[in-house]
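These are the residues of each chain, in order.
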Amino acid sequence: MALHKGTRGRRDREERPEISINPLYGEANPVSGMTGKPPRRRLPDEPMAATTAYQFVHDELMLDGNARQNLATFVTTWMEPQAGKLMSDCRDKNMIDKDEYPRTAELERRCVVMLAHLWHAPDPDTVVGCSTTGSSEACMLAGMAFKRRWAQRNPVSYPATARPNLIMGTNVQVCWEKFCNFWEVEARQVPMEGNRFHLDPQAAAELCDENTIGVVTILGSTFDGSYEPVAEVCRALDDLQERTGLDIPVHVDGASGAMIAPFLDQDLVWDFQLPRVASINTSGHKYGLVYPGVGWALWRTSDALPEDLVFRVDYLGGDMPTFSLNFSRPGAQVAAQYYTFVRLGREGFRAVQQNTRDVARSLAERIEAFGDFTMLSRGDELPVFAFTTAEGVGTFDVYDVSRRLRERGWLVPAYTFPPNREDLSVLRVVCRNGFSEDLADLFLNDLESLLPELRSQPAPLGKVVKAFHH
Ligand SMILES: *Cc1c(COP(=O)(O)O)cnc(C)c1O
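Residues numbered from 1 in each chain as written. Predicted model: local features only at pLDDT ≥ 70, side-chain atom pairs only at ≥ 80, totals over all residues. Heavy atoms only, no water.

## Side note on the sheet that holds strand E6 (residues 277–283)
Pairing is mixed in the open sheet, where seven strands are placed in the order E1-E7-E6-E5-E4-E2-E3. Here the strands that pair on one side only, and so sit at the sheet edges, are strand E1 (128–132) and strand E3 (186–190). For this sheet, the mean angle separating the axes of adjacent strands, direction not counted, is 20°. In the sheet, strand E2 (residues 165–169) pairs with strand E4 (residues 212–218) via three bridges, with the strands oriented parallel. Bridge pairing in E4 places leucine 166 opposite glycine 214. (Pairing = 2+ DSSP bridges. Helix = DSSP H or I, 4+ residues; strand = E, 2+ residues; numbered from the N terminus. Axes fitted to C-alpha atoms, helices over the stretch in contact; angles between N-to-C directions.)

## Digging into the site of the ligand
Taken together, the neighbourhood of the ligand is formed by Gly134, Ser135, Ser136, Gln173, Cys175, Ile218, Thr222, Asp253, Ala255, Ser283, His285 and Lys286. At 2.6 Å, a side-chain N or O of serine 136 approaches an oxygen atom of the ligand. Here an oxygen atom of the ligand and a side-chain polar atom of lysine 286 are 2.8 Å apart. In the complex, the protein chains occlude 89% of the 380 Å² of accessible area that the ligand would expose alone. For the shell around the ligand, the class distribution of residues is three nonpolar, seven polar and two charged. (Near = heavy atom within 4 Å. Polar contact = N/O pair within 3.5 Å; in protein donor to acceptor, adjacent residues only side chain to side chain. Areas by Shrake-Rupley, 256 points an atom, 1.4 Å probe, with all protein chains shown as cover. Nonpolar A, V, L, I, M, F, W, Y, C, P; charged D, E, K, R; others polar.)

## Section: the nonpolar core
In terms of nonpolar packing, the biggest core is built from 63 residues, with Trp119, Val215, Leu237, Trp270, Val277 and Leu298 touching the most fellow members. Counting residues per element, this core draws most heavily on helix H9 (residues 332–369), at nine residues. Residues lining this core come from more than one domain, with at least three contributed by each of domain 2 (81–340) and domain 3 (355–456). Filtering out sequence-adjacent residues up to four positions away, tryptophan 119 remains in contact with Ala258, Pro262, Trp270, Asp271, Phe272, Gln273, Ile280, Asn281, Thr282 and Leu298. (Core = buried A, V, L, I, M, F, W, Y, C linked by side-chain atoms within 4.5 Å. Buried < 20%, exposed > 50% of the residue type's maximum accessible area, 1.4 Å probe, protein only. Domains from an automatic or database assignment. Contact = heavy atoms within 4.5 Å.)

## Comments concerning the UniProt feature "modified residue: N6-(pyridoxal phosphate)lysine" (unreviewed entry) in the protein
UniProt's feature table lists "modified residue: N6-(pyridoxal phosphate)lysine" (unreviewed entry) at Lys286, given in the numbering used throughout. Those residues in contact with lysine 286 that sit more than four places away from it in its chain are Phe74, Val75, Thr76, Ala255 and Ser256. (UniProt positions renumbered as here; feature names shortened; annotations may be inferred.)

## With respect to the layout of surface pockets
Considering only enclosed or pocket space, the second largest pocket measures out at about 700 Å³ in volume. What lines the second largest pocket is a set of 30 residues, among which Val128, Gly129, Cys130, Met320 and Pro321 lie closest to the centre. If you list the elements that add at least two residues to the lining of the second largest pocket, you get helix H3 (102–118), E1 and strand E9 (321–322). Here the lining of the second largest pocket gets five residues from one element, more than from any other, and that element is H3. Taken together, the residues of the lining of the second largest pocket break down into 16 nonpolar, seven polar and seven charged. (1 Å grid on protein atoms, 1.4 Å probe; cavity = no way out; pocket = protein on both sides within 12 Å on 5 of 7 lines; lining within 4 Å. Points joined across faces, edges and corners; volume = space filled by probe spheres on them.)

## Comments concerning helix H10 (residues 398–407)
Counting buried positions over the ten residues of H10 gives seven, a clear majority of the element. Among the structural elements, strand E10 (373–375), strand E11 (384–389), strand E12 (414–416), strand E13 (425–430) and helix H11 (437–455) are those in contact with the buried residues of H10. Two or three places before tyrosine 399, at the opening of H10, aspartate 397 has a side-chain oxygen 3.1 Å from that residue's backbone nitrogen. Where H10 terminates, the next one or two residues include glycine 409, which has phi positive at roughly 95°.

## Comments concerning the packing of aromatic side chains
All chains considered together, the criterion is met by 16 aromatic pairs. For the ring pair phenylalanine 263 and phenylalanine 349, a centre distance of 5.0 Å and an interplane angle of 10° mean the geometry is stacked. A residue pair is termed long-range when its members are at least 10 positions apart, and phenylalanine 263 in helix H8 (residues 261–264) and phenylalanine 349 in helix H9 qualify at 86 residues. Since its relative accessible area comes to 2%, phenylalanine 349 is described here as buried. A centroid spacing of 5.1 Å and a plane angle of 85° characterise the contact between phenylalanine 373 and phenylalanine 387, whose relative ring orientation is edge-to-face. One end of the pair, phenylalanine 373, is in strand E10; the other, phenylalanine 387, is in strand E11, with 14 residues separating them in the sequence. On the basis of relative accessible area, phenylalanine 373 is assigned to the buried category, the value being 4%. Judged by its relative accessible area of 2%, phenylalanine 387 falls in the buried class. Over the ring of phenylalanine 74 we find lysine 286; its NZ or CZ atom is 5.0 Å from the centre of that ring. (Phe/Tyr/Trp six-rings, centres within 6.5 Å; stacked < 30°, edge-to-face > 60°. Lys NZ or Arg CZ within 6 Å of the ring centre and 35° of its normal.)

## Details of the pattern of salt bridges
Under the defined criterion, the tally for this structure stands at 22 salt bridges. Between arginine 148 and aspartate 308 there is a salt bridge, with its nearest N and O atoms 3.4 Å apart. Note that arginine 148 is positioned in helix H4 (residues 135–153) and aspartate 308 in the loop between strand E7 (295–299) and strand E8 (311–312), a separation of 160 residues in sequence. Classification of aspartate 308 by relative accessible area gives partly exposed; the value is 45%. For the salt bridge of arginine 455 with aspartate 372, the shortest nitrogen-to-oxygen distance reads 2.7 Å. Residue arginine 455 is located in helix H11, and its partner aspartate 372 is located in the loop between H9 and E10; the two are separated by 83 residues in the primary sequence. Residue classification places arginine 455 among the partly exposed positions, given a relative accessible area of 40%. (Salt bridge = Lys/Arg side-chain N within 4 Å of Asp/Glu carboxyl O.)

## Thoughts on the pairing of E4
For E4, the tally of buried residues reaches seven of seven residues, placing the bulk of the element in the interior. Sheet analysis places E4 next to strand E5 (residues 250–253), joined by four bridges and oriented parallel. Each residue of the ladder has a partner; that of threonine 217, found in E5, is valine 252. Assessed by its sense of winding, the connection that carries the chain from E4 through helix H7 (residues 230–244) to E5 is right-handed. (Right-handed = clockwise from strand over helix to strand, strands pointing away.)

## Topic: the domain arrangement of the protein
Each domain of the protein was delimited in the assignment, giving domain 1 (16–64), domain 2 (81–340) and domain 3 (355–456). At the junction of the two partners, domain 2 supplies 23 residues and domain 3 supplies 23 residues. Between domain 2 and domain 3, roughly 1,700 Å² of surface is buried when both sides are summed, and carbon and sulfur atoms account for 62% of that area. Across the salt bridge formed by arginine 357 and aspartate 265, the nearest N and O atoms sit 2.9 Å from each other. At the junction of domain 2 and domain 3, the tally comes to twelve residue pairs in polar contact (both at pLDDT 80 or more). When grouped by side-chain class, the residues that make up the side of domain 2 that touches domain 3 number nine nonpolar, eleven polar and three charged. (Buried area = accessible area lost by both parts, 1.4 Å probe.)

Here it is as structure tokens:
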């Protein structure tokens, strides 16, 4: 979470130290009466009425953006009322408490087995997997399994001399940089090159050595929504093994794509069908269609997850094995994931994801038709596309477009690509379930109506939004 350092340096530090309470609520506050002004940033001395507290917290949150107009996030912003009801039914369930809530634990197990079938695990009944708070935790766990397997193969040199490394493209999501930083693994990144915006199989294989714990491939890239060539990466690593004997496992970061490809790209081979794929993660709260925070991590077989990383604690009764960074975690998201699986089934998922892809493709096509933009992707892999200003457009840049769209409530991030394409600044649109054809039309109208002014600007106004975090 944001690491907050007191109140210094905040933009709005001049705000009043006290909360102002509408006198209308005064009668509800028996202690401080109608004129009471509880402090904003210190724990108030006295309680206040629930209705009053609710109203002003609610009012402040009203100024957050409208989640449905947020085209930056991959995370679910709309679920059916029934799913919302189920989640509020389960909000007191703690996921770790598997002995107290055995049915929640059972739903988690069923979700793992369903995903194992979906991702073609060789034996879904013996697959190993767990729910997590999201893909970031899932990726940490997968990375730790890689590191431990490598350490077990190198008992003499590690930790004395050898430094483990992990191979990835520069387009990885920040969780992989975190993993490498936190667990002291060298991140060996393959740069982008020309119009290749993700991992190159040959370049990945060339970076491997005896201290490589694994290769991360992404389905699909957060930068432009493209799928990385998982099968080609595996083939390049097969060749490497033939030449050198190095046997390097692959992890597929399917945060988004592992819930798209199985329904829309059935001919694409990217999952456990490839023997080199040791583990896969996905975000249940992205195209798994559940509100934040749930993710999933699965290992092909129990061999891929060293037993000594698994903890058994009996504080809560029972001794269910767990693999996680957190201890307590809400169980509601897991119940909601199971609900979504049984509610939609394969055919329902296919229809929902196809609709989202159709919206993305058609939107990309119509934006391209304006003539002001060059598309880097078109929503035909993840329902996500990135675009930049066309060559010859000199009066505005992507940051201007992002800023102006914000005036209409649309959040479309503008950001710079990683090495070696830092010269490229793009806009990215993430289409999700709930961003309907109708909303896409409204978005397009807003974009179109901004263009005349942007075209008549004297020059781009410059980069105001400095950094965008994927
Ligand atoms: C979103 C994303 C992550 C991080 O997932 P969270 O569920 O937000 O923790 C990791 N990898 C990729 C490719 C992503 O798109």
